[in-house]
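What follows is the residue order along each chain.
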Amino acid sequence: MALGMAFGIIILVAKYLFLGLIYLFLYWAFKGLFAQMGSEARSAPQVPAAAAPVPAAQPTLVPSPAATLPGTVPAFAPAPVRTRASLLVGDAGESSLSQGETIELTAAVTIGRADDNGVVVKDKFCSGHHALIFLQGGQRLLRDRGSTNGTFHNGQRVTTDVALRDGDRVGIGTAVFEYHAGTQ
Amino acid sequence: MTDYSPNIRKLLAISLWGFVLIALVLGYWQIVMAPALNASKYNQRQSLALQRIRPGRVLTKDGVVILAPQRQDGQWKFTYPAGSDFAHLTGYAPRTGLQYGLREPLYGMGQYADAWRDLLAGGPTGNDVILTINSTAQKLAEEELDGRRGAVVALNPRTGATLVLASAPTYDPAEVSSSQEELDLLRFDPNVPELDRAVQGLYPPGSVFKIFTAAVGLDLGLVTPETEFRCAGTERVAHTRVKCRILSGHGTLTLDKALWASCNIAFAKLGDKIGIDNFIEYMKKFHLLDEANVGLPSKKGRMYDFRGFKGDAQLALASFGQGATMLTPLQVARLTAAIANKGHVLQPYIISQVTTPDKRVRMKGQAGDFGQAVKPETAHTLAGMMQDVVEKGTGRVAAIRGVSVAGKTGSAENPQGPAHGWFTCFAPVENPQVVVTVLVEGGESGSESAGPIARKVLEELLETQNR
Amino acid sequence: MRRTIISPGRRSELSLLIFSTFVSVLGMALVCVAMQQMPLRALRVTAVSAGFILTAMLLQVGGKSRDRLLLPCASLLCGIGIVVLWRINPDLASRQILWMLLGLSAMVGIYLLVDDVRDLAPYKYTAGAVALGLLIITMVAGRESHGARLWLGVDGYFMFQPVELAKILMALFLAGYVAEKGDIIRASMRPGVFLSGFKHMGPLLLVVLFFLGVFVAQRDLGAAVLFLGLFVAVSYLATGRKTYALLSLILFAGGMVGAYYLFGHVRQRFDIWINPWADPTGNGYQILQGLFALGSGGLTGVGLGHGFPGTIPAAETDMVYAVIGEEMGLAGTLAVLLLYVLVVARSFDLGMRARNQFASLLATCLGVVFALQTLVITGGVLRLIPLTGITMPFISYGGTSIVVNFIALGLLLAVSRDAVSEETDPKLRDGRTD
C-alpha cells in the first residue's frame, strides 16, 4: 500500500533519472572526444601517407600495451600525441628493431628479448629481461636487470641506477638508442 | 599530397554552428513559445489530456448519480445513468453541460489541483461533486413539462440552493453521445432541445414582473397595498397605450387587488410614479439582469435603456413585464426568492459539496450574497399580497391544502406567437422553504399552463424537505 | 600477462555500452508503465544492446585498435529510438529491432571484409553509376506512394529505399574522385580565376545537378538538399575555395524557385512552411502538431508515454523528433542533438586523422551526410526550413535507413582502424578505473 502511494514519486524520480543518465553518458563521451581532439590540435598536421606506414620524424607508436598501466579515465581514441620522453633507435644493429624507430617511454619500460617486455628486442646479445628505464622523482633512470652482456650508458657499463639526460646513448645488445627527454 | 585537415576543420565548425542554431530554435519553441502553442485553439492536447484522467462523479443531493466515469478504449468518458431528466445538467459531450462547467473539480484541475496527491497517485485524480439538486422533484418537473417547451426552476430561498433546474424539450444524453445520427437529430431539431431554457431562455416575464414593480413602489414608500388606482381598460400612460386584460377595466382597485387581479394599467401608473432613476437603481439592487452562476452557460437579462428614446413609455410597459424586457426563468426565480428571503438577494448555487476520492470534503458550496434589495418589511408586505394572489386571485390553482402559498401568475405577450405562461411562487409564507418558477412557452394562461406544474413541484419539495 | 588486460579504451567503450543498455531498459520501463502494459517482449530492447556489445567484441578480431566513441553513441541513439518507437507503436519497434540487428551484422561484415578502406576507392565510378541506376529504376518501376516512387523491390518479400543506399554510394564516389584528382584540382586552382579547375569539378557539378533533378521530380526534396550539401562540402574540400559551393547553391536556389512555380507539391511544402496557420487542419496540420508537441514538452517533457504522438502524422518517421520533444522535453531533444554532434565530430576527426586521402575524404563525406541528415530533419520539424522526408539516423523507423547508417558506421570504424595510433593514454592517473 505504501508502495502504491509512493508510486507517483517513483515514476517522477525515474523520469529525471532517465534524462540525467543520458547527460552523464554525454559528459563522459564528450570528455573522451575532447581528450583526443585536443591532442589533435597540438600535434603536427598529419601528412596522409600514400605508401610508407611509418614515415620518419613523426610521433608514433607505443610498441606494446605492456607499457600501459591499467586504471585510467575513459579514453576512446588513439594516444594523445605529445612530446614525451623517448628512445630513438640510432643503430639497430642486428636486432629486430628498425633504424629511426622512436619508442615512447612511459613511467616504466622494460627492455629485453622475452615477449613480456615493454620493448621487445630480438637480438642474440640481448637477454630475456635485459634492462629497465623508469621514472623516479621526475628523473628517468636506467637499470640493468642482470643481463648477460650488460647495459651500456654512453659507453659505460651500467652497474647501479643511472640518471638519463637528453642525448644520452643507451646500448643494449647490438642496438644503440638515443634518449630524448621530451617535455616530460 | 594535399592535406585536407584545415578544410575539414572548417566544415566541422560550420556543422557545429548549424547544431547550435538548431539548439537555439529548440529552446525557442519548447520554452519561449510554449505558452502560446499550448493555448492555440488548434491544439487538442488539453482536451485529449482530460481523457486520460479519471474524473469524479456528479450526484444529486439525494445521492442519484447523474454523471459516472467509464473507461472506453483506454479513454475516460462519462455515462449518463440518470437519463434525459438530467440532460441539461449533464450535457452530452465533453464541452457541454456540467461535465464542462464542473471540469475543475471533476478532473482535479485549477483550484482543485492537488499536486501532492496527484504525485502520490501517479496522475491527476478527479473529485466527486454533489449538487444541490433534488432528483425526485427534478424528475417530476421534467415529467410535467413533457410534450411542451418550457422550464422549471426551484430554489431554497434561505440558502440559495438550486433544487430543480429543468428544461423541455429534453433529450437522452446517452444516445446523443454515442450516435452521430442522434447528435444530428438533436442539432437540427427545430424545437432546440439542446437549449437549457431555465438559464438560457430569454422571455418577456409578463405579469410575474409586477412583483418587482410592487416591491419597488412599496420600498420607496410611494404606495401601500391599500393605495388606489383607476383602471379604465385602455388608457394612455406615459405617452403609450396600455391595455388591461379586462377590456372594460377594473375600475378603482387597491394595489393589492391590482396584483391578484393582475391589472396592467395600475402597474403602468405605478411604474410611472416610480420613475426611471429609481427603477434602474432597484434593478441593480436586485441584480435583476445578472447571469446565473451554476456552472452552465447562462444569459443576462435584457431591459430597455430607459434613459434612451421614449424611455418613460417603455418604463410603463416594463412595469408589467412587457416592452423590451426579457428574463430567464432562473432570474425570475431569483427575484421571487429575494422576496421570500426578507428582501435579501442571493445568487443561486448548485454545488453542494466537492469530495475527494478519499471522502474528504474539499469544498462546501454556498450562495453568492447580492445584498439587501428591499427592506424586510417591504418583502413581508409583498409576500402577503402574493398570498392573496393564490387565495383570492389568478393563482388559485397553486393552492395547497394546509400550506400558505404565495405566488404570481403571468401571461406574457409574445410577438412571435401565443403568450407564454408563467407562474412563480413560494411556500410556506410564514417561513419560506421553497421557491418554484415555471415557464411554459405558448402556454397562454399562466394559471392554466404553468400553475398546476408549479403546484405539483412545490408539493413534492415541501414534502421531502430536502435542503 | 598483458594479453589478458583489457586496455582502458576497450573498457570504457564496454562500460558505456552497458551504461546505454541500462538507460534503454529504464526508458522502456517508463514507457511500459505509462502505457500500462508490461509485455515481456519489451525486454527485446536488450537484444539491441546485447547486439552492440557482441559487435564490440567481434570487432576486436584482429586486435587492432579502433575508435571507441561511435559504437556507444550509436547504441544510445538506437536505445532511445527503440524506446520512443515502442511508445508510438510496439510492432514497429519490434521490427526496428530486427533491422538494427541486421544493420549491426552488416557493420561487422563491412569492418571485417574491408581490410583497408582504400580497397574501395577503385569502385568509385561503379558506385556512382549504381546509385544513379538504382534511382532511375526506382523512378520508373518502383512502388508508388503519395505520388512518388521511392521504394524498390518485390512486395511481400523485400523492399528497400534506394535513395538511402545512394547516399553512401555517392559519398564513396565523391571521396574517390577527389582523392584521385585532388592534387590535380588543387594544382589547377588559379587565384582570381572564377571557375578554375572546371575541367575536373565541372563533371561533378553536372552529375550532382542531374541527381538533384531526379530527386525534385521524385518529390524527394530532402534527398536533393542532402546531395547538394554533400557536393558543396566536397567542392570546398577539393578546391579549397567557396566558388563551386556558392555556384551550386545559386543554381539550386534558382532550381527551387522554378520548382516552386512548376511543381504543385513543392509550392505546397513552401507555403506550409511560410505560414502553416493558413491551413491548420489540412496541409499545415503536420507541422503544427509537431510544434504543439514541442511546446507541450517544455523543459523536461511530459514524461515517456504521457504525450500524444497520435496527433502527429508520420510520428514514427519524419516527425519522431517532435515526439521526443513532447515526452522528453528540451532536455531530451538537446541530448539527442548532442549525440549526433558526437558522431559528426568524431567522423570529421577521423577525417583529419586518417592516413590516406581516400579514407580522410570518405570519413569526412560520411560525417557531412550524418550532419546534413540531422540538421535537415530537425530544421524541418522546427520550421527553420520546409519539412522534408529525411529520416533521423538510428531513430526514425525505416529498415533501409537503419542498415545504411550502420554500414556508414562500419566504414567509419574501418577508417579509424588505420587512423588511430594506439589506444589510450598510458599515463598513470589517480588509479581510477571504470
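A.B. asks: I keep staring at the overall build of chain B and nothing clicks. Help me out?
C.D. replies: For chain B, the count of helices and strands is 19 helices and 17 strands. Every one of the 467 residues in chain B was classed for burial, and the buried ones make up 54%. Across chain B, every contact between residues at least 6 apart in sequence was considered, and the portion connecting residues at least 24 apart equals 66%.

A.B. asks: Where do I start with the overall build of chain A in this structure?
C.D. replies: From N to C terminus, chain A includes one helix and 11 strands. For chain A, the succession of helices and strands along the chain, N to C, is α-β-β-β-β-β-β-β-β-β-β-β. For chain A, the proportion of its 184 residues judged to be buried stands at 35%. Pairs at least 24 apart in sequence give 49% of the contacts found in chain A among residues at least 6 apart.

A.B. asks: What is the right way to look at the sheet that holds strand β6 (residues 162–168) of chain B in this model?
C.D. replies: Residues and elements named next belong to chain B. Strand order across the open sheet formed by five strands is β6-β5-β17-β16-β15, with antiparallel pairing between neighbours. Pairing within the sheet leaves two strands with one partner each, and these edge strands are β6 and β15 (406–414). Recorded for the sheet is a direction-independent mean angle of 5 degrees between the axes of neighbouring strands. Two elements, β15 and strand β16 (residues 417–427), share eight bridges in a ladder whose sense is antiparallel. Paired with Ala 406 across the two strands is Phe 426, which belongs to β16. Contacting β15 and β16, helix α18 (residues 376–392) crosses the sheet at an angle of about 75 degrees to β15.

A.B. asks: Is there a simple way to explain the nonpolar core in this structure?
C.D. replies: Ranked by internal contacts, the top residues of the largest apolar core, which has 174 residues, are Ala 171, Phe 227, Leu 230, Leu 362, Cys 365 and Val 415 of chain C. The dominant element in this core, judged by the number of residues it contributes, is helix α12 (residues 320–353) of chain C, at 23 residues. Cys 231, Ile 265, Val 294 and Ala 338 of chain B belong to the second largest nonpolar core, which has 128 residues in total.

A.B. asks: Teacher, can you tell me more about helix α8 (residues 135–145) of chain B here?
C.D. replies: Within an α-helix, residues lying three or four positions from one another point in the same direction, as the helix has 3.6 residues per turn. Residue and element names in this part refer to chain B. Summarising burial for α8: nine of the 11 residues are buried, a large majority. All of the buried residues along α8 are Ser 135, Ala 137, Gln 138, Lys 139, Leu 140, Ala 141, Glu 142, Glu 144 and Leu 145. Its buried side turned inward, α8 meets β5 (150–155), β6 and α19 (446–464). Trailing α8 by a residue or two, Gly 147 shows a phi angle of about 90 degrees, which is positive.

A.B. asks: Quick question: what am I supposed to make of the sheet that holds strand β11 (residues 175–180) of chain A here?
C.D. replies: Where strands meet in a sheet, backbone hydrogen bonds hold them as pairs that are either parallel or antiparallel. Residue and element names in this part refer to chain A. Here we have six strands laid out as an open sheet, ordered β2-β1-β11-β10-β7-β8, and antiparallel in their pairing. Both edges of this open sheet fall to β2 (102–104) and β8 (156–157), since each of them pairs with a single strand only. Direction of pairing for strand β1 (residues 86–91) relative to β11: antiparallel, over a ladder of five bridges. When the sheet's bridge partners are listed, Leu 88 is paired in β11 with Glu 178.

A.B. asks: So what exactly am I meant to see when it comes to the environment of Ala 29 of chain C here?
C.D. replies: Within the element layout of this structure, Ala 29 of chain C appears in helix α1 (residues 8–35). Sequence spacing of Ala 29 of chain C and Leu 342 of chain C is 313 residues, and the spatial spacing of their C-alpha atoms is 27 Å.

A.B. asks: Quick question: what am I supposed to make of the packing of helix α2 (residues 45–58) of chain C against helix α4 (residues 90–113) of chain C here?
C.D. replies: A pair of packed helices can be characterised by two numbers: the angle between their axes and the separation between those axes. All names here are of chain C. Remark: α2 packs on α4, axes separated minimally by 10 Å, with the N-to-C direction vectors making an angle of 5 degrees. The orientation of α2 with respect to α4, classified from their angle, is roughly parallel. Of the residues in α4, those in contact with Ala 47, Val 48, Gly 51, Phe 52, Thr 55 and Leu 58 of α2 are Ile 97, Met 100, Leu 101, Leu 104, Met 107 and Val 108. Residue composition of the contact of α2 with α4, grouped by class: 10 nonpolar, two polar and no charged.

A.B. asks: What is the right way to look at the confidence of the model for chain B in this model?
C.D. replies: Predicted coordinates in areas of low pLDDT are best not read in detail. Per-chain confidence: chain B averages 91 in pLDDT, with 98% of residues scoring 70 or above. In the predicted assembly, ipTM is 0.90 and pTM is 0.70.

A.B. asks: I keep staring at the packing of helix α3 (residues 70–88) of chain C against α4 of chain C and nothing clicks. Help me out?
C.D. replies: All names here are of chain C. α4 packs onto α3 with a crossing angle of 155 degrees between their chain directions and a minimal axis gap of 6 Å. Comparing their axes, α4 and α3 come out roughly antiparallel. On α4, the residues touching Cys 78, Ile 82, Leu 85, Trp 86 and Ile 88 of α3 are Pro 90, Leu 92, Ala 93, Gln 96, Ile 97 and Met 100.

A.B. asks: Sorry if this is basic, but what is going on with the environment of Ile 274 of chain C here?
C.D. replies: Residues and elements named next belong to chain C. Turning to its location among the elements, Ile 274 is positioned in helix α10 (residues 264–274). Judged by the 10 C-beta atoms lying within 10 Å of it, Ile 274 falls in the exposed class. Each C-alpha atom of the pair Ile 274 and Leu 384 lies 9.6 Å from the other, and the pair is 110 residues apart in sequence.

A.B. asks: Any chance you could explain the pairing of β1 of chain A here in plain terms?
C.D. replies: One face of the sheet, then the other: side chains in a regular strand alternate in exactly this way. As paired elements, β1 of chain A and β2 of chain A share three bridges and run antiparallel to each other. Among the inter-strand pairings, Ser 86 of chain A is bridged to a residue of β2 of chain A, identified as Glu 104 of chain A.

A.B. asks: Even after reading the chapter, I still don't get helix α14 (residues 264–274) of chain B, so can you show me in this structure?
C.D. replies: Residue and element names in this part refer to chain B. Where burial is concerned, most of α14 is hidden: nine out of the 11 residues are buried. Buried residues of α14: Asn 264, Ile 265, Ala 266, Phe 267, Ala 268, Lys 269, Leu 270, Gly 271 and Ile 274, and no others. Gly 275 lies just past α14 and shows a positive phi near 90 degrees.

A.B. asks: I'm lost on the environment of Pro 376 of chain B in this one. Help?
C.D. replies: All names here are of chain B. Examined against the element boundaries, Pro 376 turns out to sit in helix α18. Overall, the presence of 12 C-beta atoms within 10 Å leaves Pro 376 in the exposed class. Taking C-alpha positions, Pro 376 is 19 Å from Leu 255, a pair spaced 121 residues apart along the chain. If we skip the residues at most four places from it in the chain, Pro 376 touches Lys 342 and Gly 343.

A.B. asks: Can you help me understand unusual backbone geometry in this one?
C.D. replies: For residues that are not glycine, phi is negative in most cases, and the peptide bond is trans in most cases. Residues and elements named next belong to chain B. The linkage connecting Ala 168 with the following residue, Pro 169, adopts the cis geometry, with an omega of 5 degrees. Secondary-structure assignment places Pro 169 in the loop between β6 and α9 (173–178). The peptide bond linking Ala 427 to Pro 428 adopts the cis configuration, its omega dihedral lying at -15 degrees. A positive phi is found at Val 192, a non-glycine position, where the angle reads about 50 degrees. Note on placement: Val 192 falls in the loop between α10 (180–188) and α11 (197–200). The backbone of Lys 342 sits at a positive phi, close to 60 degrees, despite the residue not being glycine. Structurally, Lys 342 can be placed in the loop between α17 (329–340) and β11 (344–347).

A.B. asks: Any chance you could explain the pairing of strand β4 (residues 128–131) of chain B here in plain terms?
C.D. replies: Residues and elements named next belong to chain B. The alternating pattern of β4 places Asp 128 and Ile 130 on one face and Val 129 and Leu 131 on the opposite face, and all of these are buried. When strand β1 (residues 58–59) meets β4, the two strands line up parallel, connected through two bridges. Bridge pairing in β4 links Val 58 to Val 129.

A.B. asks: Looking at this model, I keep getting lost on the confidence of the model for chain A. Mind explaining?
C.D. replies: All names here are of chain A. For chain A, per-residue confidence averages 71 on the pLDDT scale, and 68% of positions sit at 70 or higher. Taken element by element, chain A is modelled with least confidence in β2, mean pLDDT 78, and with most confidence in strand β7 (residues 151–153), mean pLDDT 88. Note on residues 40–75: pLDDT is under 50 here. Beyond four places in sequence and across chains, it has 80 contacts. Ignoring residues within four places in sequence, the model shows residues 77–82, a span with pLDDT below 50, making 22 contacts including any to other chains.

Conventions we followed
Residues numbered from 1 in each chain as written. Chains lettered and ligands numbered in written order. Predicted model: local features only at pLDDT ≥ 70, side-chain atom pairs only at ≥ 80, totals over all residues. Helix = DSSP H or I, 4+ residues; strand = E, 2+ residues; numbered from the N terminus. Buried ≥ 20, exposed ≤ 12 C-beta atoms within 10 Å, placed from the backbone. Contact = placed C-beta atoms within 7 Å. Pairing = 2+ DSSP bridges. Axes fitted to C-alpha atoms, helices over the stretch in contact; angles between N-to-C directions. Core = buried A, V, L, I, M, F, W, Y, C linked by C-beta atoms within 7 Å. Parallel < 35°, antiparallel > 145°, perpendicular 65-115°, else oblique. Nonpolar A, V, L, I, M, F, W, Y, C, P; charged D, E, K, R; others polar. pLDDT = per-residue confidence, 0-100.

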